Amino acid sequence: MFIVLLGPPGAGKGTQAEIVSDRTGLLHIATGDLFREAVRKGSELGALAKSYMERGELVPDDVTIRMLVERINHPDAEKGVIFDGFPRNVVQAQALDDALFSHGHAIDRAILISVPDEELVARLSGRWVCPNGHIYHALNSPPKRHGICDICGAELYQRDDDKAETVRRRVETQRPPADLVQYYARQGKLDEIDGKRRFEIVTRSLMQALQTVTPSVSHPT
Ligand code: AMP
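None of these values were measured; they are calculated from a predicted model. Throughout, residues of each chain are indexed from 1 in the direction in which the sequence is written. Under the rules for a predicted model, residues below a pLDDT of 70 receive no local features and side-chain atom pairs below 80 are neither given nor counted, while totals for whole chains, interfaces and linings still include all residues. Here the side-chain values reflect all heavy atoms present in the structure, with hydrogen atoms and water set aside.

Caption draft 1: Seen up close, helix α8 (residues 178–186). Per-residue accessibility, obtained with a 1.4 Å probe over protein chains only, is compared with the maximum for each type, and a residue is labelled buried under 20%, exposed over 50%, and partly exposed between these values. Runs of E in the DSSP output that reach at least two residues are strands. Runs of H or I that reach at least four are helices, and both are numbered from the N terminus. The set of residues buried in α8 consists of L180, V181, Y183 and Y184. Here the buried residues of α8 occupy an arc of 150° about the axis, which is enough to place them on one side. The outward face of α8, more than 90 degrees from its buried face, is lined by the exposed residues A178 and R186. Of the surrounding secondary structure, the elements contacted by the buried residues of α8 are β1 (2–6), α5 (90–101), β4 (109–114) and β7 (190–194). Where α8 terminates, the next one or two residues include G188, which has phi positive at roughly 70°. Arc definition: it is the arc formed by the directions from the helix axis to the C-beta atoms. Whether two residues are in contact is decided by their heavy atoms, any of which lying within 4.5 Å being enough.

As structure tokens, this is what we get:
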């Protein structure tokens, strides 16, 4: 089974993909993770990707596609993959189809986790940190006293890239483009999941969507 997971930043794609991978045995391929690993290793690819990643821009298609195709060529991808963060546009989607076709496979389903912009901004801009690295979230794990670290009593602040303005820009530029969503809808492969709901409920919907692809997928516990 070959699944594409689509969604804006803050939709919880990465964590959901990880859970689905654990429960189904599908290989989780996240291009963002591959790039971060390349940066950590200091490889040529990493050096190239780094500047784009730092600006919050997409790495050029040719580089990204080459990296993805190489990953798919590994034997561990033969049993099925959940793609997370790829494709980001129609060119990448077509390249993915071609690459899978050459292995005798095809995308079975694209699942879009939809979350309204304002909810994403609230989620992504809710992070507050203290100078000693303790992290809070205005919605999920607020400090006991507003603006003050529970652990060391220091004043909390927001990183520049977590500020609402910046987050809003990121959400606008990184949400899956309409023509990409259409690409899968036209092929009758698109499922849309309401990502506003509790995380576990979204996981359950995801698993149910996969269930309709193949009955061999185990049910959530
Ligand atoms: P992510 O973890 O998916 O948010 O990706 C982190 C960064 O890696 C993105 O902001 C891009 O710079 C780069 N990246 C990840 N996936 C892709 C992709 N499919 N195409 C281009 N750039 C990507």
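More follows now that the structure is in view.
Caption draft 2: Main features of the confidence of the model for the chain. For every residue, the predictor reports its confidence as pLDDT, a number between 0 and 100. Scored by pLDDT, the chain comes out at a mean of 91, with 96% of its residues at no less than 70. Note that residues 215–221 has pLDDT below 50 and, in this model, 14 contacts with residues that lie over four places away or in other chains.

Caption draft 3: Focus on the sheet that holds β1. The strand order across the open sheet formed by 5 strands is β2-β3-β1-β4-β7, and the pairing between neighbours is parallel. Bordering the open sheet on either side are β2 (27–30) and β7, each of which pairs with just one other strand. Each adjacent strand pair in this sheet contributes to an overall mean axis angle of 20°, direction not counted. A strand pair is defined by DSSP finding two or more bridges across the two strands. Strand direction decides the pairing type here: β2 and strand β3 (residues 81–84), joined by 4 bridges, are parallel. Angles run from 0 to 180 degrees between N-to-C directions of axes, and those axes are lines fitted to C-alpha atoms, restricted for helices to the stretch in contact.

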